[in-house]
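# Analysis of the macromolecular model
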Number of protein chains: 2
Amino acid sequence: MSPVKVFGHPMLTNVARVMLFLEEVGAEYELVPIDFVAGEHKRPQHVQLNPFAKMPGFQDGDLVLFESRAIAKYILRKYGGTAGLDLLGENSGIEELAVVDMWTEVEAQQYYPAISPVVFECIIIPFIIPGGGATPNQSVVDESLERLRGVLGIYEARLEKSRYLAGDSISFADLNHIPFTFYFMTTPYAKVFDEYPKVKAWWEMLMARPAVQRVCKHMPTEFKLGAQY
Amino acid sequence: MSPVKVFGHPMLTNVARVMLFLEEVGAEYELVPIDFVAGEHKRPQHVQLNPFAKMPGFQDGDLVLFESRAIAKYILRKYGGTAGLDLLGENSGIEELAVVDMWTEVEAQQYYPAISPVVFECIIIPFIIPGGGATPNQSVVDESLERLRGVLGIYEARLEKSRYLAGDSISFADLNHIPFTFYFMTTPYAKVFDEYPKVKAWWEMLMARPAVQRVCKHMPTEFKLGAQY
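Please read these numbers as outputs of a predicted model, since none were measured by experiment. (Residues numbered from 1 in each chain as written. Chains lettered and ligands numbered in written order. Predicted model: local features only at pLDDT ≥ 70, side-chain atom pairs only at ≥ 80, totals over all residues. Heavy atoms only, no water.)

## What about the packing of helix α5 (residues 138-159) of chain B against helix α8 (residues 197-207) of chain B?
Residues and elements named next belong to chain B. In the contact formed by α5 and α8, the axes pass within 8 Å of each other and the chain directions differ by 80°. Judged by the inter-axis angle, α5 sits roughly perpendicular to α8. Note on element contacts: α8 touches α5 through Pro197, Lys198, Val199 and Trp202, opposite Leu152, Tyr155, Glu156 and Leu159. In the contact of α5 with α8, the residues fall into six nonpolar, no polar and two charged. (Axes fitted to C-alpha atoms, helices over the stretch in contact; angles between N-to-C directions. Helix = DSSP H or I, 4+ residues; strand = E, 2+ residues; numbered from the N terminus. Parallel < 35°, antiparallel > 145°, perpendicular 65-115°, else oblique. Contact = heavy atoms within 4.5 Å. Nonpolar A, V, L, I, M, F, W, Y, C, P; charged D, E, K, R; others polar.)

Structure (structure tokens):
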């Protein structure tokens, strides 16, 4: 049986998310490189896989999917049982499942909008528009850091009560934090996490996972114009 | 058994989302009003239910939840079976379930970021800051409409192939579009939908549902300073 295919570049956060869950469950997969600097993601062949011309695309036989969070859940449902992992909480009661869903939504709706502008200002915009956008907009960064501190304060209180966000077992909710937080930790603002010791310890616990390390080795920590990633 | 409780105001989109799914499954519930104009959502009693001081909060016996999309899924899992509704696709195969998840993420990640700035500029900001923010930022509106047209074009192509976004049956993905689209339809830009006949027909099909009508009657179509909603 041919392995599932992921279409994209492993340095992109949404591609990294999909690879992360494939690595966690130990599934065989093929990474089909898409040269986004050359605009390959906008070509008809990729748009057939992802009509929004974004990455990743995903294929498992006749099934074509886009949206990294949905792909990740499919991977966990298909392979999680074999791997002995119940990261979605679907083998528990509907209450436990709801708590995983809740913290998964917190990542998407509260954490991501707070942390992502810092990553965009410090890394993504300067990388996409070399020269033109190289200076981060400090007021955007400062507002986002204030918002991020609010979120991290709530996480700190939560992690005083449980080992992970949705309880004492790791879940989909925790692991979804990896891609953007990884890049945030390469910015000058990484030390914000030092103000929240439980959050810092949780982050180090996540980063110590072998699957996380295998995915993050494809994610650069320095961004240089013209470099090959 | 005491009914589940929703804490919030029914004119707010995330409160409306939770009420919508309660109405769809025909569950008994109690709406506990929170006077957000008076800042009640920031008081300790509400923050115990929702640490982000947002609405809604939700309580089912000992279970306390926040994040409207997670609450909605819990409602569907708890009551959907009795109501004969499988809006999450969980009674189908993992492929069908993945397609519902994918279009649910499209709403959250592509549609919402495109449509919401128009609703913020035309309705929410003028309502929150009467006088100060009453004039919509036209460049934000124009950029968002361009982005929205891109999304609606993809929806139009999808709805040429299936009756609803995730297939021929209505799903969680479709119904999540209701709250923000309802308010968008009260702005001067509602006619953008006329450019996409399949999307327009899909929207009208959603709005014709009795549960949708019961929820939307609490959502104003005119916003007046000092009015009681």
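## Side note on the relation of the copies chain A and chain B
Between chain A and chain B, which share one sequence, the superposing operator has a rotation angle of 180° and an axial displacement of 0.0 Å; the RMSD is 0.0 Å. When the rotation and shift are considered jointly, the pair of chain copies conforms to a two-fold rotation axis. Across chain A, the rotation axis passes nearest the C-alpha of Ala108 of chain A, at a separation of 4.5 Å. An overlap of 100% is found between the interface residues of chain A and their copies at the interface of chain B, pointing to a shared contact surface. (Least-squares fit on C-alpha atoms with pLDDT ≥ 70 in both.)

## A short note on the packing of helix α4 (residues 94-128) of chain A against helix α5 (residues 138-159) of chain A
Residues and elements named next belong to chain A. Viewed as axis vectors pointing N to C, α4 and α5 meet at an angle of 150°, and their least axial separation amounts to 8 Å. Taken together, the axes of α4 and α5 are roughly antiparallel relative to one another. Of the two elements, α4 crosses α5, and the hand of that crossing is left-handed. In terms of residue class, the contact of α4 with α5 is made up of 17 nonpolar, three polar and four charged. (Left-handed = near helix turned anticlockwise from the far one by under 90°.)

## What to know about the interface of chain A and chain B
With 29 residues of chain A in contact, the opposing surface of chain B contributes 29 residues. The junction of chain A with chain B conceals about 2900 Å² of combined surface from both sides, 68% of it contributed by carbon and sulfur atoms. For the pair chain A and chain B, the number of links is two salt bridges. Here Arg77 of chain B ties to Asp101 of chain A by a salt bridge, and the two come within 2.9 Å at their closest N and O atoms. Seen at the junction of chain A and chain B, the total is six residue pairs in polar contact (both at pLDDT 80 or more). Elements represented by at least two residues in the side of chain A that touches chain B include exactly β4 (63-65), α3 (68-83), α4 and α5 of chain A. Per-element accounting of the side of chain A that touches chain B gives the leading share, 12 residues, to α4 of chain A. Taken together, the residues that form the side of chain A that touches chain B break down as 17 nonpolar, two polar and 10 charged. (Buried area = accessible area lost by both parts, 1.4 Å probe. Salt bridge = Lys/Arg side-chain N within 4 Å of Asp/Glu carboxyl O. Polar contact = N/O pair within 3.5 Å; in protein donor to acceptor, adjacent residues only side chain to side chain.)

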